[in-house]
Amino acid sequence: MLWRIEVGEKNGFYDAIGQGVKKDIIDLGFKDKIKSVHAVQVYILEGDISENDVVNICENLLIDPITQKYDHKSNVFDEKKYKVVEVTYNPGVMDPVEESAKKAIYDLGIKKVRRVKTARKYLIEGKLSYRDIHSIAEKILYNKVIQHTVKPGSQVLQNVPPYKFSLRQVKMLGTTDVKLKKISKDGQLFLNLEEMRSIKNYFKKLGRNPTDCELETIAQTWSEHCKHKTFRGLIEFEGKIIKNLLKSTIMKVTKELNKPWCISVFKDNAGIIRFDEKNNICFKVETHNHPSALEPYGGAGTGIGGVIRDPMGTGLGAKPIINTDVFCFGLPEQPYNKLPKNALHPKRIMKGVVAGVRDYGNRMGIPTSNGAVCFDENFVGNPLVFCGNVGIMPKNKSFKKVNSGDFIVVVGGRTGRDGIHGATFSSGELTHETHEELGSAVQIGNPIQEKKMADTLLQARDKNLYSALTDCGAGGLSSAVGEMAEELGAEVHLEKVPLKYKGLRYDEIWISEAQERMVLSVDPKKTDDLIELFERENVEATVIGKFLDSGKLKLFYEGNIVCNIDMKFLHNGDPEVTRKAVWKKLKFPEPKIGFSKDLTADLTGLMANLNIASKEWIIRQYDHEVQGGSVLKPLQGVNGGGPGDACITRPIMNSKKGVVLGCGINTDYGKIDPYWMAASVIDEALRQIVSVGADISKAAILDNFCWGNTNKPDRLGSLVMASQACYDIAKIYGVPFISGKDSLNNEYSVGKKTISIPPTLLISCIAVMDDITRAVSMDAKKCGNGIYLVGLTQDELGGSQYYKMKGYVGNNTPKVDAKYGKILMKTLTGAINKKLVRSCHDCSEGGMAVALAEMAFAGGLGMSIHLGSYQPTKKQMLLKNHIMLFSESNTRFVVEVEDENNFEHAMTGVPIWKVGYIRNDKAFKIFDHEERLIVDTTIEALKTAWQSPFKNL
Amino acid sequence: MKPRVIVIRTAGTNCDKETAFAFRAAGADTELVHINELVRGEKDISHYQILAIPGGFTYGDDIASGKILANELRYNMWDRLQKFIKDGKLIIGICNGFQILVKAGLLPNLSGDFKTIEATLTLNDSNKFEDRWVYLKRPAKKMSANSRCVWIRGIEGVIQLPVAHGEGKFIPRDKKVLDCLKRNGLIALEYVDESGKRSGYPHNPNGSTENIAGICDNTGRIFGLMPHPERHINIYQNPAWTRNCKDPGVKADGFAIFANGVNFAKKICN
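For the structure given in this document, a descriptive report is provided here. No experiment lies behind these values; they were computed from the predicted model shown.

## A short note on the overall build of chain B
In terms of helices and strands, chain B carries seven helices and 11 strands. A globule of 270 residues ought to have a C-alpha radius of gyration of about 18 Å, and chain B, at 17 Å, matches this closely. Counting only C-alpha atoms and orienting by the principal axes, one finds that chain B spans roughly 50 × 45 × 35 Å. In chain B, which comprises 270 residues, the share counted as buried stands at 61%. Once local pairs closer than 6 in sequence are excluded, the contacts in chain B between residues at least 24 apart make up 76%.

## Considering the sheet that holds strand β35 (residues 839-842) of chain A
Residue and element names in this part refer to chain A. Here we have seven strands laid out as an open sheet, ordered β35-β37-β34-β38-β36-β39-β40, and mixed in their pairing. Every other strand in the sheet has two partners, leaving β35 and β40 (933-938) as the edge strands with one partner each. Across the sheet, the axes of successive neighbouring strands diverge by a mean angle of 20 degrees, strand direction being ignored. Where β35 meets strand β37 (residues 893-897), four bridges bridge the pair, whose relative direction is antiparallel. Looking across to β37, one finds that His841 is bridged to Val894.

## Re the interface of chain B and chain A
A common way to state how big an interface is: give the accessible area lost once the parts meet. The interface is formed by 48 residues belonging to chain B together with 52 residues belonging to chain A. At the level of secondary structure, the elements contributing two or more residues to the side of chain B that touches chain A comprise α1 (16-25), α3 (67-76), β5 (119-122), β6 (130-137) and β7 (159-165) of chain B. In terms of residue class, the side of chain B that touches chain A is made up of 20 nonpolar, 15 polar and 13 charged.

## Structural notes on unusual backbone geometry
A cis amide bond links B:Leu107 to the next residue, B:Pro108, at an omega of -10 degrees. As for its position among the elements, B:Pro108 is in the loop between α5 (96-103) and β5. With an omega of 0 degrees, the peptide bond running from B:Tyr201 to B:Pro202 counts as cis. The residue B:Pro202 is located in the loop between β9 (187-192) and β10 (212-216) in this model. Residue A:His228 is not a glycine yet carries a positive backbone phi of 55 degrees. Despite not being glycine, B:Asn109 shows a phi value in the positive range, around 55 degrees. With respect to the secondary-structure elements, B:Asn109 resides in the loop between α5 and β5.

## Details of the pairing of strand β28 (residues 658-664) of chain A
All names here are of chain A. With seven of seven residues buried, β28 lies mostly within the body of the structure. Of the two faces of β28, the one lined by Gly658, Val660, Gly662 and Gly664 and the one lined by Val659, Leu661 and Cys663 are each fully buried. Where strand β27 (residues 647-649) meets β28, three bridges bridge the pair, whose relative direction is antiparallel. Among the inter-strand pairings, Thr649 is bridged to a residue of β28, identified as Val659. Pairing of β28 with strand β33 (residues 760-769) involves seven bridges; the strand directions are antiparallel. Note on β33: the bridge partner recorded for Val659 is Val768.

## Some thoughts on the packing of helix α5 (residues 177-186) of chain A against helix α6 (residues 193-206) of chain A
Residue and element names in this part refer to chain A. Interaxial distance between α5 and α6 falls to 9 Å at its minimum, and their mutual angle equals 100 degrees. It follows from the interaxial angle that α5 and α6 lie roughly perpendicular. Judged by residue contacts, Asp177, Leu180, Lys181, Ile183 and Ser184 of α5 engage Leu193, Met196, Arg197 and Lys200 from α6. Of the residues that constitute the contact of α5 with α6, the class distribution is four nonpolar, one polar and four charged.

## Structural notes on the environment of A:Ile763
Residues and elements named next belong to chain A. Its place among the elements puts Ile763 in strand β33. Ile763 sits 104 residues away from Leu867 along the chain, and the two C-alpha atoms are 32 Å apart. For Ile763, the residues in contact, after removing those within four places along its chain, are Cys663, Gly664, Val681, Ile682, Ala685, Ile701 and Asp703.

## Describing the environment of A:Pro332
Along the chain, the position of A:Pro332 falls in the loop between β12 (319-329) and α14 (346-364). Those residues in contact with A:Pro332, other than ones at most four positions away along the chain, are A:Pro346, A:Lys347 and A:Met350.

## So, helix α3 (residues 96-107) of chain A
Those residues of α3(A) lying buried are A:Pro96, A:Val97, A:Glu99, A:Ser100, A:Ala101, A:Ala104 and A:Ile105. Buried positions along α3(A) lie against α2 (51-62) and β5 (113-126) of chain A together with α3 of chain B. Looking one or two residues beyond α3(A), the residue adopting positive phi is A:Gly109, at roughly 90 degrees.

Reading guide: rules and limits
Residues numbered from 1 in each chain as written. Chains lettered and ligands numbered in written order. Predicted model: local features only at pLDDT ≥ 70, side-chain atom pairs only at ≥ 80, totals over all residues. Helix = DSSP H or I, 4+ residues; strand = E, 2+ residues; numbered from the N terminus. Rg over C-alpha atoms; globule rule 2.2 N^0.38 Å. Buried ≥ 20, exposed ≤ 12 C-beta atoms within 10 Å, placed from the backbone. Contact = placed C-beta atoms within 7 Å. Pairing = 2+ DSSP bridges. Axes fitted to C-alpha atoms, helices over the stretch in contact; angles between N-to-C directions. Nonpolar A, V, L, I, M, F, W, Y, C, P; charged D, E, K, R; others polar. Parallel < 35°, antiparallel > 145°, perpendicular 65-115°, else oblique.

Here you go:
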């Protein structure tokens with residue numbers, strides 16, 4: 001029996017969801033047409049239950065008796081004056097509410113409900129045509145990748161047909177190259193011809209065709225996403241062959257620096273460094289760009305969910321303690337009629353991504369404390385979503401070992417058809433057709449499933465119930481088991497894998513990327529204890545096979561062998577491809593900007609620049625206080641009114657040790673010069689942690705390269721340049737890379753037109769701080785205190801936000817002199833440790849003037865700045881006012897000082913310059929070298945401008 | 001003897017460890033116990049003097065925040081909880097824990113039947129989750145009778161705690177319930193501005209009726225609040241600690257709540 005229940009707000013109670021939708025509809029341009037919106041929650045129950053049971057379920061579970069009403073026989077509202085849109089999930093997409101609802105109904109003593117589905121109905125009132133409604137529904141109310149609209153009342157539960165085994169082989173032997181290419185394309189394998197030929201040859205030797213499952217396993221293992229073919233392959237650049245770009249740049253820094261506190265780097269799911277005598281910490285940052293482009297909420301949620309499983313799957317498992325997130329979006333004001341075909345609007349992507357990270361991260365109980373957001377028109381079809389996670393583990397739990405004879409145990413969520421082909425799909429370009437073709441690659445997360453699994457895993461770890469684990473990420477079981485068994489071999493019985501619903505083929509079970517699953521290697525003697533422990537916390541743990549020292553990957557379904565290949569071929573059989581790379585610097589028109597008497601409007605304009613403006617709207621939606629360890633928060637100063645540089649977290653509450661996180665990213669410099677872009681973002685990440693009091697000699701960094709299609713030589717050339725900068729700059733700074741990830745093919749094509757993202761490198765920095773009580777925030781503290789600029793300003797406005805605001809790109813990007821930078825940063829750290837610095841803020845986008853303004857309004861105090869006190873070095877010309885204020889030269893800080901003599905003494909040998917002082921009122925004034933007043937405003941006006949872009953989202 | 005605190009957790013609980021830490025700092029012994037262990041009878045709440053339901057998103061807050069665990073308490077634990085309360089013991093629900101106590105009918109429990117639902121905590125007016133520091137104080141005397149909540153004894157003036165929730169808007173069932181809360185001194189804390197005056201958003205972060213942030217029952221021993229006292233037990237958690245260099249030995253605003261609970265429980269122990 002099927003029951004349909006509608007729940008809505010009683011008269012007189014505020015319908016927050018309906019109001020939110022109404023606001024979005026107004027944003028779409030229907031201000032004059034829309035009158036009201038009501039949201040109705042719909043539940044569909046299937047089971048042998050009486051009407052009394054249904055009434056009981058409604059009154060005691062589904063409604064809030066104070067604010068809501070229900071109807072189990074017809075509509076809860078009279079729908080006469082409304083147009084109605086009802087949205088529900090597509091078959092096969094997980095409905096996160098189903099599991100909890102079933103449990104709760106069971107708790108009521110009603111045991112015969114088999115299935116629960118949900119839907120949401122929107123009642124829209126206004127002078128809107130059906131075309132308007134259709135457009136609103138598509139743009140705001142549902143995403144066809146995971147949802148569909150249903151005719152109200154017509155909805156029935158769809159039954160998935162059961163699966164009957166039949167082995168499927170792919171005819172490869174004796175086929176032509178043309179056919180091989182077609183097999184790759186039709187199967188969404190994203191394998192190139194040479195790779196297809198290698199596979200063909202391998203099976204020729206075996207004397208048979210591959211099964212679909214074998215081909216899928218190889219495609220996924222060899223995907224760019226898993227294998228990093230570009231970074232690890234051969235590259236021909238400027239007449240030389242680079243053998244392995246990763247090993248010859250990024251990893252080389254770490255090897256040469258050989259820091260004793262680097263415990264495990266570039267090996268496990270996350271890089272591990274020492275924290276204190278008893279604990280290590282690990283850090284991983286991933287991207288989830290393509291899923292977020294198609295389904296922002298699910299894509300970003302599973303992005304953070306996936307990266308949390310990385311520290312959980314590092315060593316023997318770490319406890320997740322901090323999340324980070326960095327986003328790059330298209331312009332929020334992009335006109336709808338100029339959107340590339342089938343691309344979602346940047347504003348919708350932004351709102352969905354933020355909500356996805358929020359709902360997953362918050363439910364996991366992990367503070368999201370550090371991040372950044374950048375905007376550029378070229379991210380329109382292909383946003384970037386970087387998610388990071390830090391974990392902490394006892395130091396004797398930092399390594400894993402898979403033993404022959406161990407059981408393969410899958411724990412956590414069940415396997416469904418969600419997320420098929422994610423690994424291969426993220427290795428290709430997005431096109432306007434991707435939405436239809438690869439909808440199944442998008443996943444919806446269930447954070448509570450992951451939370452339960454994490455809680456139980458840590459208990460199992462501490463009871464030594466398993467000897468190795470890894471997460472099911474891209475490639476699902478195929479990837480997890482394949483990696484764990486690389487040195488041995490494995491045998492898996494696919495019919496044993498617990499499924500969400502019937503009807504999955506054996507190959508789908510194997511490659512499904514259903515979320516919230518991990519794979520453990522368990523001594524058979526400990527298996528019963530392990531399963532019991534998981535059961536106690538309502539988490540499934542199931543033996544699905546065995547690790548064996550056979551060198552083979554063997555898969556069975558109901559006793560039939562469906563895959564039998566050599567581990568060696570799987571992991572090392574891919575052909576070495578030489579890719580060509582070229583690099584030619586682009587020349588942009590050089591702007592001529594003359595003397596301006598008044599730069600107030602320029603500064604105010606910059607404060608409201610999207611890349612500089614306040615991200616409070618996002619930050620506050622994340623719980624950054626949970627776990628109680630937050631020492632320096634993302635928003636700092638009076639009532640959290642200013643942007644902090646780095647965050648500090650104390651993972652052990654009664655210890656003074658802290659974890660410091662910062663990040664560097666710039667989406668403008670890379671258009672001009674990827675080398676100096678990479679150098680600049682490393683410098684920025686280090687500046688951030690130095691600003692709060694951390695020491696770069698205790699810092700490590702992570703790289704995340706997001707590039708266009710690197711099969712195109714110019715894109716690959718710029719990747720080579722950026723990688724070389726990573727080596728050069730990190731080596732001199734003495735900061736090792738401990739982990740990284742690349743996401744190539746970030747392009748969006750419609751027909752022959754392709755939009756490539758600007759080359760973007762995110763550098764995430766993690767440092768251990770011995771004494772958090774020495775931390776410094778960025779907000780101005782006390783009137784009368786001196787303001788210093790630490791570091792040299794050059795004419796380096798190329799790629800700056802100032803030029804961008806004026807409509808230029810320019811050419812002279814900021815450079816980095818790391819030898820000098822290292823001395824400067826170490827000296828400043830010394831002064832901060834001596835408590836000679838009251839506040840410190842790093843100069844980045846918008847230059848010194850923006851940093852000063854942020855420092856001033858964060859502290860609620862005005863400033864007077866006199867450029868005339870600047871003594872240029874002999875080599876330097878006197879710089880123009882706009883260069884002094886807005887140039888984004890690296891390795892610079894603005895610093896507030898009370899004890900000026902001791903500060904200047906402590907900073908001996910480093911260029912510092914007293915630029916002004918903190919006022920006792922709210923005025924913000926800048927005088928040039930001839931004492932002319934060039935900026936005359938107040939901190940309120942600057943703050944209002946800074947808060948304006950994202951205030952009313 | 002140290003008072004014993006049971007901190008209940010289940011799928012989605014996420015402030016259990018810091019809540020237990022705060023109770024230990026205040027001088028109690030603590031134990032984290034999964035609801036399954038209670039329902040199955042492996043653990044017995046009568047062994048403890050304080051029951052704490054910490055923050056989080058139990059069962060994902062699916063259907064409505066706190067609803068599913070509230071029902072587990074209502075349908076599986078009702079007798080034991082009623083006895084626990086009648087024995088003169090203490091309960092605190094923080095954030096999700098507050099939602100659970102209200103939706104289980106344990107707060108404000110004006111009817112005295114431990115069952116009738118007399119209020120709710122629902123979606124913030126802003127329709128989104130928000131993390132921000134708020135100012136709180138006991139209600140002014142002319143607004144409401146002096147609070148009988150034992151957990152906030154000695155707290156004078158304005159205190160600061162963080163809130164982090166999407167469903168914290170307190171709504172009493174009707175005017176009768178609201179009047180009763182005021183008349184009986186059951187409103188423990190209300191959202192105010194820096195100077196201690198009632199004010200609108202964002203000082204009242206969720207649109208709660210009469211700025212209500214926390215309430216207690218008639219005994220004063222059962223207390224629920226949306227803000228997180230466990231996130232402000234030392235000054236390094238305060239967002240402005242780098243501005244005002246207070247003596248690090250001073251306990252921060254949230255600590256007093258745990259100390260009050262533990263001190264009261266000591267009397268029951270003896």
